[in-house]
Amino acid sequence: MKRYALTLDLKNDQQLIEEYEELHQKVWPEILKSIISSGILNMEIYRMDTRLFMMMDTSNEFSFEKKAKIDVENEKVQEWEQLMWKYQQKI
């Protein structure tokens, strides 16, 4: 098993943060399927103010390159990712 820790910031807008958290209470089934099928065994996201911190446990076969290649071909994943950038910003 591998473990990864990633960070990202949300835009500093309380309404957008609330929308983001609401969307993550009802993650689309296609996104959950993509996460599981890529070898991600467990994922937890924590928030402190606008900073997000994600912990991922994955299978030994998991790679970000492989997941990115699969995701680019998945229309629903691309739709979700585009939607998420409404709320997120790179550090």
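Above this note sits the structure.
*Asks:* How do you make sense of the environment of Tyr20 when you look at a structure like this?
*Replies:* On the secondary structure map, Tyr20 appears in helix 1 (residues 14-25). The buried category is assigned to Tyr20, whose relative accessible area is 5%. The contacts of Tyr20, once residues within four sequence positions are left out, are Leu10, Leu52, Met84, Tyr87 and Gln88.

*Asks:* What is the right way to read the packing of aromatic side chains from this model?
*Replies:* Two aromatic rings are characterised by how far apart their centres lie and by the angle between their planes. Taken as a whole, this structure holds 5 aromatic pairs when the rule is applied. Centroid distance Tyr4 to Phe64: 4.8 Å. Interplanar angle 75°. Geometry classified as edge-to-face. With Tyr4 in strand 1 (residues 2-10) and Phe64 in helix 3 (residues 64-72), this pair connects stretches of sequence that are 60 residues apart. Note on Tyr4: relative accessible area 21%, which makes it partly exposed.

Quick notes on the rules
- For every chain, the first residue of the written sequence is number 1, and numbering continues from 1 onward in sequence order.
- Local features in a predicted model are, by the rule used here, given only for residues with pLDDT of at least 70; side-chain atom pairs are given and counted only at 80 or more, and totals for whole chains, interfaces and linings are based on all residues.
- The side-chain values count all of the structure's non-hydrogen atoms but skip hydrogen atoms and water molecules.
- Helix numbering and strand numbering both begin at the N terminus, where a helix is a DSSP run of H or I of at least 4 residues and a strand a DSSP run of E of at least 2.
- Three labels apply to residues, based on accessible area from a 1.4 Å probe with only protein chains included: buried if under 20% of the type maximum, exposed if over 50%, partly exposed otherwise in between.
- Contacts were defined at the residue level, with two residues in contact if any of their heavy atoms lie within 4.5 Å.
- Put simply, two rings from Phe, Tyr or Trp (the six-membered ring, in Trp's case) pair if the centres are within 6.5 Å, and we call them stacked under 30 degrees between planes, edge-to-face over 60, tilted for the rest.

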